[in-house]
Amino acid sequence: MSKKLNAVIPDETWEALDEIASREMRTKSQMAAILLAEAIAEYRKRNPLKVLESDRPDGPQPPENKPASATKAKRGKESKEAS
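Residues numbered from 1 in each chain as written. Predicted model: local features only at pLDDT ≥ 70, side-chain atom pairs only at ≥ 80, totals over all residues. Heavy atoms only, no water.

What to know about the packing of helix α1 (residues 11-24) against helix α2 (residues 28-46)
Inference 1: Taken N-terminus to C-terminus, the directions of α1 and α2 make an angle of 100°; their axes are 9 Å apart at the nearest point. Accordingly, the angle class assigned to the pair α1 and α2 is roughly perpendicular. Residues Trp 14, Leu 17, Asp 18, Ile 20, Ala 21 and Glu 24 of α1 pack against Lys 28, Met 31, Ala 32 and Leu 35 of α2.
Inference 2: Among the residues forming the contact of α1 with α2, the class breakdown is 7 nonpolar, no polar and 3 charged. (Axes fitted to C-alpha atoms, helices over the stretch in contact; angles between N-to-C directions. Helix = DSSP H or I, 4+ residues; strand = E, 2+ residues; numbered from the N terminus. Parallel < 35°, antiparallel > 145°, perpendicular 65-115°, else oblique. Contact = heavy atoms within 4.5 Å. Nonpolar A, V, L, I, M, F, W, Y, C, P; charged D, E, K, R; others polar.)

Set out below in structure tokens:
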């Protein structure tokens, strides 16, 4: 599905868009959409988006079970007898 966008741009940008659209035989609207998509793709290359847990397709992940470094490991029956 496509969305519609209205934007106010400086005269210089409008003129450049008009020139490029004419050269590419497209409407200004079509050319603006193409150039915006290209600019976003380039921006994302330079500034990768941080993937949030909530953005993952399988939803937020439970925290990993890591042993606490300050707790002692429980000794089994065999190790108690050996001491």
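Topic: the pattern of salt bridges
Inference 1: Taken as a whole and judged by the stated rule, the model has 4 salt bridges.
Inference 2: Two residues, Lys 28 and Asp 18, come together in a salt bridge whose shortest N-O distance is 3.5 Å. In this pair, Lys 28 sits in helix α2 while Asp 18 sits in helix α1, placing the two residues 10 residues apart along the sequence.
Inference 3: The partly exposed category is assigned to Lys 28, whose relative accessible area is 29%.
Inference 4: Taking the relative accessible area as the measure of exposure, Asp 18 reaches 33% and is therefore partly exposed.
Inference 5: Across the pair Arg 23 and Glu 19 runs a salt bridge whose closest N-O atoms are separated by 3.0 Å. Residue Arg 23 and its partner Glu 19 are both found in helix α1; the two are separated by 4 residues, about one turn of the helix.
Inference 6: Within the structure, one salt-bridge network assembled from shared partners comprises Glu 42, Lys 45 and Arg 46. (Salt bridge = Lys/Arg side-chain N within 4 Å of Asp/Glu carboxyl O. Buried < 20%, exposed > 50% of the residue type's maximum accessible area, 1.4 Å probe, protein only.)

Focus on a nonpolar patch on the surface
Inference 1: A cluster of nonpolar side chains, contributed by Leu 5, Leu 36 and Ile 40, occupies part of the molecular surface with about 290 Å² of accessible area.
Inference 2: Residue position: Ile 40 is located in helix α2. (Patch = residues over 30% accessible without salt bridge, like charges linked within 9 Å, V, L, I, M, F, W, Y side chains within 5 Å. Areas by Shrake-Rupley, 256 points an atom, 1.4 Å probe, with all protein chains shown as cover.)

Remarks on the confidence of the model for the protein chain
Inference 1: When pLDDT is averaged along the protein chain, the result is 82; 63% of the residues meet or exceed 70.
Inference 2: Predicted confidence in the protein chain is weakest over helix α3 (residues 77-82), with a mean pLDDT of 61, and strongest over α1, with 98. (pLDDT = per-residue confidence, 0-100.)

Re the layout of surface pockets
Inference 1: Quantified by volume, the largest pocket comes out at close to 570 Å³.
Inference 2: Leu 5, Ala 7, Ser 29, Ala 32 and Ala 33 are the residues nearest the centre of the largest pocket, which is lined by 15 residues in total.
Inference 3: Of all the elements in the fold, those that place two or more residues in the lining of the largest pocket are α1 and α2.
Inference 4: Ranked by residue count, the leading element in the lining of the largest pocket is α2, at 6 residues.
Inference 5: Across the lining of the largest pocket, the residue classes tally to 9 nonpolar, 3 polar and 3 charged. (1 Å grid on protein atoms, 1.4 Å probe; cavity = no way out; pocket = protein on both sides within 12 Å on 5 of 7 lines; lining within 4 Å. Points joined across faces, edges and corners; volume = space filled by probe spheres on them.)

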